[in-house]
Structures are given as structure tokens and as C-alpha cells.
Amino acid sequence: MIIKIKKSSDVPSSEVTSESEYLNRRSFLAASATAIGATAGAAALLGRAASPLSAAGSTPASASAVQELEPTAEKLITSYNNFYEFGLAKEDPAKHAHALVTEPWSVVVDGLCNNPAEYQLEEFVSPSTIEDRVYRFRCVEAWSMVVPWQGFPLADVIKRADPTGDAEYVAFETLWDPDQMPQGRWRNWEPRIGWPYREGLRLDEAMHPLAFLATGLYGKDMPNQNGAPLRLVVPWKYGFKSIKSIVRMTFTAEEPPTTWATQASNEYGFYSNVNPDVSHPRWSQARERPLGSFRRVPTRFLNGYADEVAHLYEGMDLKKHY
Ligand SMILES: Nc1nc2c(c(=O)[nH]1)N[C@H]1C(S)=C(S)[C@@H](COP(=O)(O)O)O[C@H]1N2
Ligand SMILES: [Mo]
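Notes on the structure follow. The shown structure was predicted, so the numbers you read here are calculated from the model rather than taken from an experiment.

Some details on the overall build of the protein chain
Thinking step 1. Scanning the protein chain from terminus to terminus reveals 11 helices and 12 strands.
Thinking step 2. Looking at the 322 residues of the protein chain, the share that counts as buried comes to 57%.
Thinking step 3. Pairs at least 24 residues apart make up 71% of the contacts formed inside the protein chain by residues separated by at least 6 positions.

Notes on the pattern of salt bridges
Thinking step 1. Applying the stated rule across the entire model yields 11 salt bridges.
Thinking step 2. The residue Glu173 makes a salt bridge to Arg198 at a minimum N-O spacing of 3.2 Å. Of this pair, Glu173 sits in strand 5 (residues 169–174) while Arg198 sits in strand 6 (residues 198–202), and the two are 25 residues apart along the sequence.
Thinking step 3. A salt bridge links Glu199 to Lys241; its shortest N-O distance comes to 2.7 Å. Taken together, the residues span a long stretch of sequence, with Glu199 in strand 6 and Lys241 in the loop between strand 9 (231–233) and strand 10 (246–252) at a distance of 42 residues. Lys241 shares its class with Glu199; the two are buried.

Details of the pairing of strand 11 (residues 287–290)
Thinking step 1. Side-chain alternation along strand 11 places Glu288 and Pro290 on a buried face and Arg287 and Arg289 on a face that remains uncovered.
Thinking step 2. Where strand 4 (residues 143–153) and strand 11 come together, two bridges link them in parallel fashion. Each bridged residue has a counterpart across the sheet, and for Trp143 the counterpart in strand 11 is Arg289.
Thinking step 3. As defined by bridge partners, strand 11 adjoins strand 12 (residues 297–298) across two bridges and the pair is classed as antiparallel. Note that in strand 12 the partner of Arg287 across the bridge is Pro298.

Overview of the sheet that holds strand 1 (residues 106–111)
Thinking step 1. Taken in spatial order, the five strands line up as 2-1-10-5-6 in an open sheet, and their pairing is mixed. The sheet is open, and its two borders are formed by strand 2 (117–120) and strand 6, each paired with just one other strand. In this sheet, neighbouring strand axes are inclined to one another by 15° on average, regardless of whether the strands run parallel or antiparallel.
Thinking step 2. Here six bridges tie strand 5 to strand 10, and the two strands are oriented antiparallel to one another. Each bridged residue has a counterpart across the sheet, and for Tyr169 the counterpart in strand 10 is Thr252.
Thinking step 3. Relative to the sheet, helix 7 (residues 154–161) contacts strand 1, strand 2, strand 5, strand 6 and strand 10, its axis offset from that of strand 10 by approximately 55°.

Looking at the site of ligand 1
Thinking step 1. The environment of ligand 1 is formed by 18 residues, the closest being Asn81, Tyr84, Glu85, Thr174 and Lys244.
Thinking step 2. With respect to ligand 1, the backbone of Asn82 contributes an N or O atom lying 3.2 Å from a nitrogen atom.
Thinking step 3. One of the side-chain nitrogen or oxygen atoms of Thr174 is found 2.9 Å away from a nitrogen atom of ligand 1.
Thinking step 4. Compared with its free state, where it exposes 540 Å², ligand 1 has 97% of that area covered by protein.
Thinking step 5. The pocket occupied by ligand 1, as judged from atoms lying within 2 Å of grid points, is the largest pocket.
Thinking step 6. Residues belonging to the shell around ligand 1 are distributed by class as follows: nine nonpolar, six polar and three charged.

Quick notes on the layout of surface pockets
Thinking step 1. The volume enclosed by the largest pocket comes to roughly 520 Å³.
Thinking step 2. Lining the largest pocket are 31 residues, and of these Asn82, Tyr84, Tyr197, Phe240 and Trp260 sit closest to its centre.
Thinking step 3. Among the secondary structure elements, those contributing two or more residues to the lining of the largest pocket are strand 4 and helix 10 (259–263).
Thinking step 4. Take the lining of the largest pocket: its biggest share by element is three residues, from strand 4.
Thinking step 5. The class makeup of the residues in the lining of the largest pocket is 18 nonpolar, seven polar and six charged.

Definitions and limits used
Residues numbered from 1 in each chain as written. Chains lettered and ligands numbered in written order. Predicted model: local features only at pLDDT ≥ 70, side-chain atom pairs only at ≥ 80, totals over all residues. Heavy atoms only, no water. Helix = DSSP H or I, 4+ residues; strand = E, 2+ residues; numbered from the N terminus. Buried < 20%, exposed > 50% of the residue type's maximum accessible area, 1.4 Å probe, protein only. Contact = heavy atoms within 4.5 Å. Salt bridge = Lys/Arg side-chain N within 4 Å of Asp/Glu carboxyl O. Pairing = 2+ DSSP bridges. Axes fitted to C-alpha atoms, helices over the stretch in contact; angles between N-to-C directions. Near = heavy atom within 4 Å. Polar contact = N/O pair within 3.5 Å; in protein donor to acceptor, adjacent residues only side chain to side chain. Areas by Shrake-Rupley, 256 points an atom, 1.4 Å probe, with all protein chains shown as cover. 1 Å grid on protein atoms, 1.4 Å probe; cavity = no way out; pocket = protein on both sides within 12 Å on 5 of 7 lines; lining within 4 Å. Sits in = over half its atoms within 2 Å of the grid points. Nonpolar A, V, L, I, M, F, W, Y, C, P; charged D, E, K, R; others polar. Points joined across faces, edges and corners; volume = space filled by probe spheres on them.

Here you go:
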């Protein structure tokens with residue numbers, strides 16, 4: 001599907017681009033952003049926060065931030081995937097997700113909000129400006145990548161929905177259609193998983209300017225295996241929070257049940273903030289392997305976004321609320 005792209009004034013984006021063109025353009029943008037002082041969009045492109053404060057254009061981009069965020073090869077991002085509806089092996093989604101029908105696509109917004117609605121994808125996306133965001137992405141399995149996404153802030157659709165005063169959380173659901181996703185029927189596990197895949201955020205997390213609804217990567221429409229046509233990206237949380245192929249968003253008063261926390265609550269909590277100091281019961285989270293490399297590198301607190309998001313967790317015991 002083709003999403004009509006409104007260009008953001010400061011960051012041109014999202015023509016169909018080869019990886020090498022993309023990277024060239026990116027260094028150009030990085031250079032100009034450094035020269036003019038980073039705007040929110042350019043700051044995000046450089047992997048710096050588009051925080052409410054820096055959105056005013058006050059945060060100059062640092063050269064080190066540019067070097068840190070060398071995007072992972074497109075081929076790796078689109079061939080090494082977790083999308084269990086299409087099978088359990090990393091190569092399965094790229095093999096099978098062509099069966100996913102993304103057009104037409106609709107998204108239901110409901111629950112505790114003043115403007116519940118069912119949108120066609122085009123209506124859902126078009127009020128927003130599509131931006132580039134180069135984000136670190138850290139899977140709970142201790143591999144990581146850097147992805148040049150295109151999309152728009154999750155806050156845009158939340159503001160439009162206008163959650164009521166009782167709404168504390170927002171829950172998300174992926175499409176579940178066993179005809180399109182036959183690999184999702186595994187003999188032993190599937191009954192316990194309880195499709196559809198579900199995720200959720202606290203409302204203040206969801207409103208944070210880094211929380212992103214992605215419609216593409218590397219300047220192209222989202223590949224099916226990466227969660228076409230629309231997936232969540234929450235860069236400071238483990239990858240499984242970044243739910244794919246979203247068909248529903250529901251505002252709730254209570255913490256909503258999520259797929260992996262339901263499956264194994266001692267291993268996967270609701271928060272699932274990237275934290276090198278809180279081990280998974282079966283492995284350490286202190287280090288990670290960037291895709292395309294064999295060396296392991298230290299994992300950063302909140303995946304490197306602590307300056308922007310740590311305040312969301314002030315006063316919380318992150319070992320307990322893992
Ligand atoms: N619907 C759905 N969303 C999902 C998953 C899944 O299996 N089904 N896997 C999650 C996990 S564990 C990760 S690491 C990321 C992987 O995203 P990627 O394949 O684009 O790298 O998607 C997340 N979103
Ligand atoms: Mo993951």
C-alpha cells in the first residue's frame with residue numbers, strides 16, 4: 001500500500017530509496033542539522049530525543065550521536081524478524097508474511113475516549129506528518145539493531161481520540177487471521193498465547209514524543225514481515241512491546257493484559273524497559289549483539305534514551321516493575 005506522505009518542513013523523507021542513497025542523504029541531513037541546530041525531526045534523525053524541550057530547536061546535534069547510530073543493513077532488518085504469527089524462526093516472517101493482506105486496512109480506536117472511531121488506514125495516517133526517526137532497537141533476546149523508520153508520533157492519534165480522565169493505559173492488538181497466518185497455529189504453544197498479539201503502554205509513556213507509529217523503513221512502505229502497514233516503535237523498551245500490524249487501540253483504566261506477560265509473567269513484565277541491570281531469569285541483559293556483528297556491546301539503560309524518558313519512572317522500583 002502507498003501512504004500519502006506529507007513532507008515535514010525540516011526533514012525531507014521517504015521517497016523510495018536504496019540503502020546507499022538513504023545513507024548518503026542521511027549524512028547530508030546530519031551535516032545540515034548540525035549546522036543549523038537540530039529541530040525535533042532532525043534531532044530524532046540523529047537519534048537524539050525529540051523531547052518537548054528540544055522540540056523548540058534548542059538542542060544542537062552532537063557529532064558523536066551521528067556516529068553512534070549507523071543504521072543496520074536493510075537486508076538484515078527485513079530478513080531477521082520476530083513475528084510469531086508467521087512462524088517461530090527468524091527467517092519465517094520474511095518467507096511467509098507476503099500472505100498478509102494490508103489493503104484495505106482499518107484501525108479501531110475505542111475504550112475510554114471521547115472520539116472512538118474506526119478509521120481506514122489512509123484517514124488514520126494522513127492528518128500526521130511523516131517523519132524520519134533513526135532509533136536503536138533492542139530485543140529481549142539480546143540482539144539489537146538501528147532502524148531508520150518513517151512514521152509519526154503515537155501522541156497524534158491519542159490527542160485525536162481524546163482519552164477521558166479515567167484512561168490510564170492504552171492497549172494495542174495485532175490482526176489475527178489464521179487464514180493469512182497459518183504458521184501462528186503451533187501445536188503446543190498457540191492455545192496458551194491466545195491470539196491476537198496484544199501490547200500496552202501507560203498513557204504517559206504512549207504520549208511521550210519518542211513513542212512512534214511506524215509506516216515504513218529505509219524510505220519504503222513497511223515490509224509485511226516488519227509489521228505492515230502500521231506498527232508501534234517504543235525505542236526504550238524491549239522489542240516485543242513494539243507490536244506489529246495494529247488493528248485496534250483501546251483506552252483502559254487498568255493495566256491491560258499483554259501477550260508475553262500473560263505467557264510468562266516472571267520473564268516478561270508489562271514495562272519491559274531496557275535495563276542492563278535487570279537480568280532475564282534465563283540470561284543477562286548486560287550486553288547485546290548488534291545484527292551484522294559478532295562482537296557483543298554493552299546495553300544501555302533505557303536503551304540510551306534515559307535522558308528523555310527516565311522521568312517517567314521516577315520513584316518506581318525498576319527491579320520490581322520490570
Ligand atoms: N504481532 C506481533 N508483533 C511483534 C512480534 C510478534 O511476534 N507479533 N514480535 C515482537 C518482537 S519479540 C520483536 S523483537 C519485534 C521485532 O520486530 P522486527 O521483526 O521488525 O525486527 O517485533 C515485536 N512485535
Ligand atoms: Mo523481541
